[in-house]
Amino acid sequence: MSLWTTFKRIARYGFVGFVRNGFVSLSAILMMTIMSFMLVNIMISNAAMTATLQDLTNKVDVTVYFRTDATQDQVEQIQKSLQALPEVASIAYMSREQALADFRERHKNDQLTIQALDELGTNPLGASIEVRAKQTSQYEGIAKYLQAQQDSQAGAGAAIDKVNFYQNKTAIDRLTKIIDTSEKNGIAKTVFLAICALLIVLNTIRLAIYTARDEIGVMNLVGAGRWYVRGPFMVAGVLYGIVSSVVVLILLYPILLYHPVLIGLDPTTELLFGSFNSFAYFTGNFLLFFGVLMSTSIALGALSSYLAVRRYLNS
Amino acid sequence: MIFFDKVTKTYFEGSSAAVSDITLGVEPGEFVSIVGHSGAGKTTLLKMLFAEVIPTEGAVFFGSREVGKLSNAELLKLRRNIGTIFQDYRLLSTKNVYENIAFALEVAGRSDEDIAGDVPHVLDLVGLSDKIWSFPHELSGGEQQRVAIARAIVNQPDVLIADEPTGNLDPINTHDIVGILKKINDLGTTILLTTHNKSVVDSIGRRVVTMDQGRIVRDDKDGKYSL
């Protein structure tokens, strides 16, 4: 018998078994659907957390304000020394003139302030450099470095008027802790839910195959090889995975658009996250969701069937 | 053809043997009825032939091959050459009559064309042509047993093992099943039958092996049921 004929027969029996054991298939699909929604919840929550933390992280920086009498050389020297630090991701220089122009623009409706500024006759604002670190935990090191420069009052350090990090320190420390904790919690939650989902699906499929244990015995007795017995059950397992993934991918459109709370995504959290929109994230990353859901469900369906049948084949 | 060489089977250490020191030979084309009370060891003896039960001592030979020493692939081949029917029919409940019989042909590697030709033929032999697309739960006990017989003989096995095939049937269906078994034996298939039914054994009128407490106590060429 050719391999193709065997494959065709296994696939046909798998499909026929899937249809004829409608109730059993339905319960397996339901379980896998719930598991897939859990997976989606984890994916979207992680993405939301990452996006939000990225947003917040971008809002944190260390700013060095220079004295008004700082020379261009001194500023450039500090700028270069900062660029040389491995922790620094980027720096943004703002000249005295730009700072003044920004100030005027910000207070254009405040005549009193503008008048006071005009009466001064000179530019009271110094140049500044906004420094962004690669990781939030590195801000303290950068600030300390700048502080040391300022304290030494030697060379370019004498031009530094103020380093504003310490005003933000509490916020930055807290954010660093939040990032660490949420990353650890995220991994723990993912692992825990994945194990739960795996056990639930495995047991559902085991129960489904338990009902067919006598038939597996008969197939052995008639002289069917292991793969000929196991194959149709694995095909049915793959079908559970495909159908549940398609159901989830279709249902996600209305759920994420109107009722994200149905899959455990709290809309108030989304409001808090501000810039993150789960529906836009889902549609923008549809292929990622399709790939992850299909591959996870198919692998889980086939593996669960394989393990469940193995038990009765061995006996 | 079949030879049980001093076989003993003990299921649990310390328990009494289900089958004890049995030596029995069966020639090709024989129809052997094995009778005895429940627990006499009839089913255990038959299961040793297709290695569903492995003897604790002794050996079982099918032709020149020792069953216990066959590889997995050889064992599958052997099982395709032994038809089996049971008291509880053991049909595949999610497959219809055609598919149940076709399954035995498929595992033997037969082509779809052969299967499409052979299944209606064997169903005709057991008188169930009109039930070809029915599922097991739509059939009576007698009809299910006839499907099981059709599945057992469709590969034209050398041996047919019938373990209490009439145990769940009324007298009319019992008579029909015995008639079919005799017909199959007349076509050259060796049959090993276990039963409690006196009238079945007496109506066959062939070799009768009587077992008691795991041992053979009588072996009559043209025997009658006597316990």
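Given the structure is predicted, the values throughout are model-derived calculations rather than measurements. (Residues numbered from 1 in each chain as written. Chains lettered and ligands numbered in written order. Predicted model: local features only at pLDDT ≥ 70, side-chain atom pairs only at ≥ 80, totals over all residues. Heavy atoms only, no water.)

*Asks:* How should I be thinking about the overall build of chain A in this particular structure?
*Replies:* Secondary structure summary: chain A contains twelve helices and four strands in total. Relative to the compact-globule value of 20 Å for 315 residues, chain A shows a C-alpha radius of gyration of 31 Å, a clear excess of over 25%. Overall size of chain A, expressed as C-alpha extent along the three principal axes, is 100 × 40 × 35 Å. Every one of the 315 residues in chain A was classed for burial, and the buried ones make up 42%. Counting only carbon and sulfur atoms, one obtains 62% of the accessible surface of chain A, whose full area is about 17,100 Å². (Helix = DSSP H or I, 4+ residues; strand = E, 2+ residues; numbered from the N terminus. Rg over C-alpha atoms; globule rule 2.2 N^0.38 Å. Buried < 20%, exposed > 50% of the residue type's maximum accessible area, 1.4 Å probe, protein only. Areas by Shrake-Rupley, 256 points an atom, 1.4 Å probe, with all protein chains shown as cover.)

*Asks:* Got a minute to help me understand the confidence of the model for chain B in this structure?
*Replies:* A low pLDDT score tells you not to read the predicted coordinates there in detail. Confidence in the prediction of chain B, expressed as mean pLDDT, is 91, and 100% of residues score 70 or more. The ipTM, which scores confidence in the relative placement of chains, is 0.81 for this predicted complex, and the corresponding pTM is 0.74. (pLDDT = per-residue confidence, 0-100.)

*Asks:* What exactly am I supposed to notice about helix H4 (residues 112-125) of chain B here?
*Replies:* The first and last C-alpha atoms of H4(B) sit 20 Å apart over 14 residues, in line with the 20 Å expected at 1.5 Å per residue. Among the residues making up H4(B), those that are buried are Ile115(B), Val119(B), Val122(B) and Leu123(B). In this structure, the buried side of H4(B) is in contact with helix H1 (3-20) of chain A together with helix H3 (97-107) and helix H5 (141-153) of chain B. Where H4(B) ends, the next residue or the one after it, Gly127(B), has phi of about 70°, a positive value. (Expected span 1.5 Å × (residues − 1). Contact = heavy atoms within 4.5 Å.)

*Asks:* Explanation requested: the environment of Val229(A) in the structure shown.
*Replies:* Residue and element names in this part refer to chain A. Looking at where Val-229 falls in the secondary structure, it is placed in helix H9 (residues 226-258). Each C-alpha atom, one on Val-229 and one on Ile-216, is 6.7 Å from the other, the two residues being 13 residues apart in sequence. Among all residues touching Val-229, those that are not within four sequence positions of it are Ile-216, Met-219, Asn-220, Ala-224, Val-309 and Leu-313.

*Asks:* I tried to follow the packing of helix H3 (residues 72-83) of chain A against helix H6 (residues 139-152) of chain A on my own but got confused; where do I start?
*Replies:* Think of two packed helices as two axes; the pair is described by the angle between the axes and how far apart they sit. Residue and element names in this part refer to chain A. Packing of H3 against H6 leaves a shortest axis separation of 12 Å and a crossing angle of 150°. Crossing angle aside, the handedness with which H3 passes H6 is right-handed. Of the residues in H6, those in contact with Ile-78, Ser-81 and Leu-82 of H3 are Ile-142, Tyr-145, Leu-146 and Gln-149. Residues belonging to the contact of H3 with H6 are distributed by class as follows: five nonpolar, two polar and no charged. (Axes fitted to C-alpha atoms, helices over the stretch in contact; angles between N-to-C directions. Left-handed = near helix turned anticlockwise from the far one by under 90°. Nonpolar A, V, L, I, M, F, W, Y, C, P; charged D, E, K, R; others polar.)

*Asks:* How should a nonpolar patch on the surface be read in this particular structure?
*Replies:* Judged by side-chain polarity, Ile187(A), Val191(A), Ile195(A) and Leu199(A) come together as a nonpolar surface patch covering roughly 380 Å² of accessible area. With respect to the helices and strands, Ile195(A) occurs in helix H7 (residues 165-210). (Patch = residues over 30% accessible without salt bridge, like charges linked within 9 Å, V, L, I, M, F, W, Y side chains within 5 Å. Salt bridge = Lys/Arg side-chain N within 4 Å of Asp/Glu carboxyl O.)

*Asks:* Just to check I follow, could you spell out the nonpolar core for this structure?
*Replies:* Among soluble globular proteins, nonpolar side chains are generally buried collectively. All names here are of chain B. Counting 68 residues, the largest nonpolar core has Ile-101, Phe-103, Ile-149 and Leu-181 as the members making the most contacts within it. At eight residues, H3 tops the list of elements feeding residues into this core. Val-26, Val-32, Phe-50 and Val-67 belong to the second-largest nonpolar core, a separate cluster that totals 31 residues. (Core = buried A, V, L, I, M, F, W, Y, C linked by side-chain atoms within 4.5 Å.)

*Asks:* Please clarify how the packing of H5(B) against helix H6 (residues 171-186) of chain B should be interpreted in this entry.
*Replies:* Residues and elements named next belong to chain B. With their axes 10 Å apart at the nearest point, H5 and H6 run at an angle of 10° to one another. With respect to H6, the axis of H5 lies roughly parallel. Here H5 runs over H6; the crossing is right-handed. When H5 is examined against H6, the residues Gly-142, Gln-145, Arg-146, Ile-149 and Ile-153 are found in contact with a partner set consisting of Asn-173, Ile-177, Ile-180, Leu-181 and Ile-184. Within the contact of H5 with H6, the residues separate by chemical class into six nonpolar, three polar and one charged. (Parallel < 35°, antiparallel > 145°, perpendicular 65-115°, else oblique.)

*Asks:* Whenever I open this one, the side chain of Arg230(A) confuses me. Can you help?
*Replies:* All names here are of chain A. Within the fold, Arg-230 resides in helix H9. Buried and unpaired, Arg-230 has Glu-215 as its nearest opposite-charge partner, separated by 16 Å. Those residues in contact with Arg-230 that sit more than four places away from it in its chain are Tyr-306, Val-309, Arg-310 and Leu-313. (Lys, Arg positive; Asp, Glu negative; His and termini not counted.)

*Asks:* Explain the sheet that holds strand E4 (residues 57-62) of chain B to me, please; I cannot follow it from the model alone.
*Replies:* Either a parallel or an antiparallel arrangement is found when strands of a sheet pair, and the pairing is made through backbone hydrogen bonds. All names here are of chain B. Across the sheet, which stays open at both edges, the four strands sit in the order E2-E1-E4-E5 with antiparallel pairing between neighbours. Strand pairing shows two members of the sheet lacking a second neighbour, strand E2 (19-26) and strand E5 (65-66), which therefore form its edges. Bridge count for E4 against E5 is two bridges, and the pairing is antiparallel. Bridge pairing in E5 links Phe-62 to Arg-65. Across the face of the sheet, helix H1 (residues 42-49) comes into contact with strand E1 (2-9), E2 and E4 while running at roughly 125° to E1. (Pairing = 2+ DSSP bridges.)

*Asks:* Please explain the pairing of strand E3 (residues 31-35) of chain B as it appears in this structure.
*Replies:* Sheet faces and side chains relate simply in a regular strand, where the side chains alternate between the two faces. Residues and elements named next belong to chain B. With five of five residues buried, E3 is to be regarded as a mostly interior element. Going residue by residue along E3, you find Phe-31, Ser-33 and Val-35 tucked away on one face and Val-32 and Ile-34 tucked away on the opposite face as well. The sheet contact formed by E3 and strand E9 (residues 207-212) spans four bridges and is parallel. By the bridge assignment, Val-35 is partnered in E9 with Thr-210.

*Asks:* Before we go on, may I ask you to explain the pairing of strand E6 (residues 82-86) of chain B in this structure?
*Replies:* Residues and elements named next belong to chain B. Most of E6 is tucked away: five of the five residues are buried. By the alternation rule, side chains of E6 split into Ile-82, Thr-84 and Phe-86 and Gly-83 and Ile-85, which are all buried. Bridge count for E6 against strand E7 (residues 159-163) is five bridges, and the pairing is parallel. Bridging across to E7, Ile-85 finds its partner in Ala-162.

*Asks:* Help me out: how do you make sense of the pattern of salt bridges in this one?
*Replies:* It is possible for side chains bearing opposite charge to pair when their charged atoms get close. What the rule picks out here adds up to 21 salt bridges over all chains. Salt-bridge contacts for Arg104(A) lead to Asp118(A); the nearest nitrogen and oxygen are separated by 2.9 Å. Placement of the pair is Arg104(A) in helix H4 (residues 96-106) and Asp118(A) in helix H5 (residues 111-120), with a sequence separation of 14 residues. Residue Asp118(A) is classed as partly exposed on the basis of its relative accessible area of 46%. When the shortest N-O distance is used, the salt bridge between Asp219(B) and Arg207(B) registers 2.8 Å.

*Asks:* Quick question: what am I supposed to make of the side chain of Thr210(B) here?
*Replies:* Relative to the helices and strands, Thr210(B) is located in strand E9. Residue contacts for Thr210(B): discarding those within four places in its chain leaves Val35(B), Arg215(B), Ile216(B), Val217(B), Arg218(B), Ser226(B) and Leu227(B).

*Asks:* Looking at this model, I keep getting lost on the interface of chain B and chain A. Mind explaining?
*Replies:* Much of the literature gives interface size as the accessible area that the parts lose upon coming together. In this complex, chain B contributes 27 residues to the contact, which on the side of chain A involves 17 residues. For the pair chain B and chain A, the summed buried area comes to about 2,000 Å², and 55% of that belongs to carbon and sulfur atoms. It is Thr94(B), Phe103(B) and Glu106(B) that lose the most area in chain B upon contact with chain A, and together they represent 28% of the buried surface on that side. Salt-bridge contacts for Arg20(A) lead to Glu99(B); the nearest nitrogen and oxygen are separated by 2.6 Å. At the boundary of chain B with chain A, the tally comes to ten residue pairs in polar contact (both at pLDDT 80 or more). Top element by residues in the side of chain B that touches chain A is H3(B). It accounts for five residues. In terms of residue class, the side of chain B that touches chain A is made up of ten nonpolar, seven polar and ten charged. (Buried area = accessible area lost by both parts, 1.4 Å probe. Polar contact = N/O pair within 3.5 Å; in protein donor to acceptor, adjacent residues only side chain to side chain.)

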